[in-house]
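Residue-level structural notes
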Amino acid sequence: MKYVVDSALCAAHGLCADTAPDVFTLDDDGFNAAAGRTVDVPEHLEAAAREGAAACPESAIQIQD
Amino acid sequence: MTTSERKTTGEIGGRDHFTDFDLDSKEFSENFDEVVSAVHQGCPVARSEAQGGYWVVSGFDDVRAIGQDWQTWTNTNGYEPTRSGTDDARLYPLEIDPPYQTRWRAKLGEYFSPRAIRSNKDSIRRNVNELIDQFIEDGECDWVDAFAAHLPGRVFFSTMLGVPLDDLPYLQAAADQAVRGPVEDRMEGWNKVGAYLAGYLEQRAKEEPRGDFVDAVLEGVTTDDGEPAPFMHKVFVMVDMLAGGLATTTFLLSGIAHFLATHPEDARRLADDPGLRPGAVEEVIRVYASILSLGRTATKDTEIAGQPIRKGEMVMLSYAAAARDPRHFANPHEIDITRRIPTNIAFGYGPHRCIGSHLARLQALTAMEEMLRRLPDLSMAEGQEPVFSHSTVTRDMDTLPVRFTPGAKETS
């Protein structure tokens, strides 16, 4: 599983990192630190990644199975 | 009583808030902290028979989970019990669900991100100081009337929408009437604001695009039928931004002043250490949470914390109560300027989380900075207390009489 963060949509609400801190981290301005990139998700964190993506108010995080 | 004891009665101030909750009741408004503590201890899902009946959800984890689960909890039935959900005056994107809602958020979000908001900083500071100039020589004022009720409108209308300066007094008066006028006059205020915004959108559609928020609204998105969003949806996007951003920020700015005026030790620390200020703003947002509650309607039979909820029933998510959940915050009613909270549930959670949170934070931080600089000894007027009130949706401060050592104007 991978996730991709749309840097145009990320608005630094921080809910992804709050919901799934083991998957998502924020930069100094509060944006998803992986904005604009595609990131591999380890198998044991797949459920957390889905929850964190679902928490985003801007739907900026897409999960790719 | 400690948090480990389960409270078995919600009787406070002559009302049982567990079985006969009423978000609009004076028994709740007048005993706010106590009732919030009681529901956290004994009744995470309280029942109200007011306004046709609804449930009130107060737990942080329940509010968060419901906020994220838009498939089970729809917004299309309205944001409070008196909304029908078939109203022509539906607020967009508040009273719609994904995926149409998601497209509007994507369209509007970039104008409210921290990077976009930063460019408004100088304009906000200028407006803060112009307002302070109007009363700083007097040594006293009603903070709500003199400051807090005005800054959000100035920022929204002039900075975000770019309306002509000549129109500001009319719009401010109409918005003021809509937000804090006599209850029976508020609809007239909203109608004036809506009519102005519709006219402004029509006007802007004829002009060269400025690449601003208004142009993004005019561009619009497609509905779930694949059709371009109709003009009325765009008008009610504008009304939604205004409805969500004015009274809420007014309460926050009143909260900042009330906190500084009643916590001189904290005010001194904040004056000496600017690094503490963003955290202090976050705490004021948490404790003076503007949104008392916003509604969702069950799309199927379900349950919350063991309480069965039937399809079609409305639950009011109390952001203000969730922000004081003792399971998440020690001394939940107290502002601790050194507390660090990862995200602020006062802005809600999930797809409908406040789009303007960063703009609200920036206004509050800038106001705090200028208050600490220009009104360093701000205090409550002798023997005076603020007057709180609330509706189903928002908490309000009607008056906040403060005093301070008179100072000099800085702008002409």
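Residues numbered from 1 in each chain as written. Chains lettered and ligands numbered in written order. Predicted model: local features only at pLDDT ≥ 70, side-chain atom pairs only at ≥ 80, totals over all residues. Heavy atoms only, no water.

As annotated in an unreviewed UniProt entry, chain B carries the name Cytochrome P450 and comes from Actinomycetospora chibensis.

Chain A goes by Ferredoxin in an unreviewed UniProt entry, where it is assigned to Actinomycetospora chibensis. UniProt, in the comment section headed Cofactor (unreviewed entry), describes chain A in these words: "[3Fe-4S] cluster". Database annotation for chain A, UniProt heading Function (unreviewed entry): "Ferredoxins are iron-sulfur proteins that transfer electrons in a wide variety of metabolic reactions." (UniProt positions renumbered as here; feature names shortened; annotations may be inferred.)

1. Some remarks on the interface of chain A and chain B
A common way to report how large an interface is uses the accessible area buried once the components associate. With 17 residues of chain A at the interface, the matching set in chain B holds 20 residues. Along the contact surface separating chain A from chain B lie three salt bridges. Between Asp29 of chain A and Arg118 of chain B there is a salt bridge whose closest N-O contact spans 3.8 Å. There are six residue pairs in polar contact (both at pLDDT 80 or more) connecting chain A and chain B. Among the elements of the structure, helix H1 (15-19) and helix H2 (46-55) of chain A are those that each provide at least two residues to the side of chain A that touches chain B. Of all the elements, H1 of chain A adds the most residues to the side of chain A that touches chain B, at three residues. (Contact = heavy atoms within 4.5 Å. Salt bridge = Lys/Arg side-chain N within 4 Å of Asp/Glu carboxyl O. Polar contact = N/O pair within 3.5 Å; in protein donor to acceptor, adjacent residues only side chain to side chain. Helix = DSSP H or I, 4+ residues; strand = E, 2+ residues; numbered from the N terminus.)

2. Things to note about the sheet that holds strand E2 (residues 38-40) of chain A
Residues and elements named next belong to chain A. Spatially, E2-E1-E3 is the arrangement adopted by the three strands of the open sheet, whose pairing is antiparallel. A strand with exactly one partner marks an edge of an open sheet, and here the two such strands are E2 and strand E3 (61-64). Averaged over all adjacent pairs, the angle separating strand axes in this sheet is 25°, with direction ignored. Of the strand pairs in this sheet, strand E1 (residues 2-5) and E3 are connected by four bridges, and their pairing is antiparallel. Bridged to Val4 within E3 is Gln62. (Pairing = 2+ DSSP bridges. Axes fitted to C-alpha atoms, helices over the stretch in contact; angles between N-to-C directions.)

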